[in-house]
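# Structure at a glance
Spelled out from the first residue to the last, the chains are:
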Amino acid sequence: MRPLIGIPCEGNLRSKFRRFCAGQSYCRAIAAAGGAPILLPLVDRSTLHDMYTHLDGILLTGGGDILPRYFGEAREARLIGVDRPRDEVELSLVRQAVKDGMPLLAICRGLQVLNVALGGTLYQDIPTQVPSALQHSFRQKYPRNYLGHEVRIVPGTRVERILGVQRLAVNSLHHQSLKAVAPSLVTNATAPDGVIEGAELNGPRFVVGVQWHPEELLEVNPRMLGFFEELVSAAGGVA
Ligand code: MN
């Protein structure tokens, strides 16, 4: 039986059809890595808990900005796509997963949720709050696999073991980033401007976050599948 990897949906707030949905690339990457992706709708806490008990691992995906009140700040910048029910579901899911030792891979917004859930904070808008930063938001006019900047991988981290290199080019589709890293996390990647591009839990458990989108880079860099294989492997499958 393939490990079941739960993927919290987004609420698709812009649509009058009020759908719960998740990006196809994440689901395909989990399947390609030998896992079974299970979408988690943003329903009530009790129902979600029952679904959670069947899971072997969790994948947090990209999406809109976390409401700053969850990291103790007022709105200080332009925010995009705030989805409060999703914030609440994902923040409590991360805390439960870390408590239980449930393997977790956190991508883009997912990295930010991971950090906030464990006590870290965010830059609400890189261009206004980190004026010296490079461009990190390569969205509308760019394909999702556009390699926007380089990252340096921190030696000795899980991300270094997954990628096998200490420098590489990545895509970049974000306007927020980690500010204070949560006490239990360590930075695993940074951009040349110092912007944090990944963080992970110290220790034997697989809790890894990156700011870029490996699910969109599987053809550009086959090593990116390693993130999903490691998650599935930690969740009990054979990668
Ligand atoms: Mn970036």
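Before reading on, note that the structure itself is shown above.
Residues numbered from 1 in each chain as written. Predicted model: local features only at pLDDT ≥ 70, side-chain atom pairs only at ≥ 80, totals over all residues. Heavy atoms only, no water.

## A look at the sheet that holds strand 1 (residues 4-8)
Note the threshold: If DSSP finds at least two bridges between two strands, the strands pair. Secondary structure elements follow DSSP: runs of H or I of four or more residues count as helices, runs of E of two or more count as strands, with numbering from the N terminus. For helices, the fitted line uses only the C-alpha atoms of the stretch in contact; every axis is such a line through C-alpha atoms, and the angle between N-to-C directions lies from 0 to 180 degrees. Contact definition: two residues touch when any of their heavy atoms are within 4.5 Å.
Spatial ordering of the open sheet is given by 2-1-3-4-11-10-9-6-7, a layout of nine strands whose pairing is mixed. Every other strand in the sheet has two partners, leaving strand 2 (36-40) and strand 7 (167-170) as the edge strands with one partner each. Sheet twist, expressed as the average angle between the axes of neighbouring strands with direction ignored, equals 25°. Here five bridges tie strand 9 (residues 185-190) to strand 10 (residues 196-201), and the two strands are oriented antiparallel to one another. Bridge pairing links Ala189 to Gly198 in strand 10. Strands strand 1, strand 2, strand 3 (57-60) and strand 4 (104-107) of the sheet are contacted by helix 1 (residues 24-32), whose axis makes an angle of about 145° with strand 2. Relative to strand 4, helix 7 (residues 225-234) is tilted by about 150°, and along the sheet it contacts strand 1, strand 3, strand 4 and strand 11 (207-210).

## A look at the pairing of strand 2
Worth spelling out the cut-off: A right-handed crossover is one whose linking path, passing over the helix from the first strand to the second, runs clockwise when the strands point away from the viewer.
Here strand 1 pairs with strand 2 via five bridges, running parallel. Residue pairing across strands places Leu4 opposite Ala36, the latter belonging to strand 2. Taken together, strand 1, helix 1 and strand 2 form a β-α-β motif whose crossover is right-handed.

## Notes on empty space enclosed by the protein
Note the following rule: With a 1 Å grid spanning the protein atoms alone, the term cavity applies to any set of points in which a 1.4 Å probe fits but cannot get out, the term pocket to an open set with protein on both sides within 12 Å along at least five of seven lines, and the term lining residue to any residue with an atom within 4 Å of a point. Grid points are joined across faces, edges and corners, and a volume is the space filled by probe spheres set on the points. When residue character is reported, Ala, Val, Leu, Ile, Met, Phe, Trp, Tyr, Cys and Pro are called nonpolar, Asp, Glu, Lys and Arg charged, and the others, Gly included, polar.
Enumeration over the complete set of coordinates arrives at one cavity of 30 Å³ or more. Taken as a whole, the largest cavity holds about 30 Å³ of empty space. Considering the residues around the largest cavity, the lining is formed by Leu40, Leu48, Tyr52, Leu55, Val89 and Leu93. Among the elements of the structure, helix 2 (45-52) and helix 3 (84-100) are those that each provide at least two residues to the lining of the largest cavity. Residue composition of the lining of the largest cavity, by class: six nonpolar, no polar and no charged.

## Remarks on unusual backbone geometry
Worth spelling out the cut-off: Using a 1.4 Å probe on the protein chains alone, a residue whose accessible area is under 20% of its type maximum counts as buried, one over 50% counts as exposed, and one in between counts as partly exposed.
Even without a glycine there, the phi angle at Arg18 is positive, about 50°. Checked against the element boundaries, Arg18 lands in the loop between strand 1 and helix 1. We classify Arg18 as exposed; its relative accessible area is 72%. You will see that Cys108, though not glycine, has its phi angle at about 55°, which is positive. Following the sequence through the fold, Cys108 ends up in the loop between strand 4 and helix 4 (109-117).

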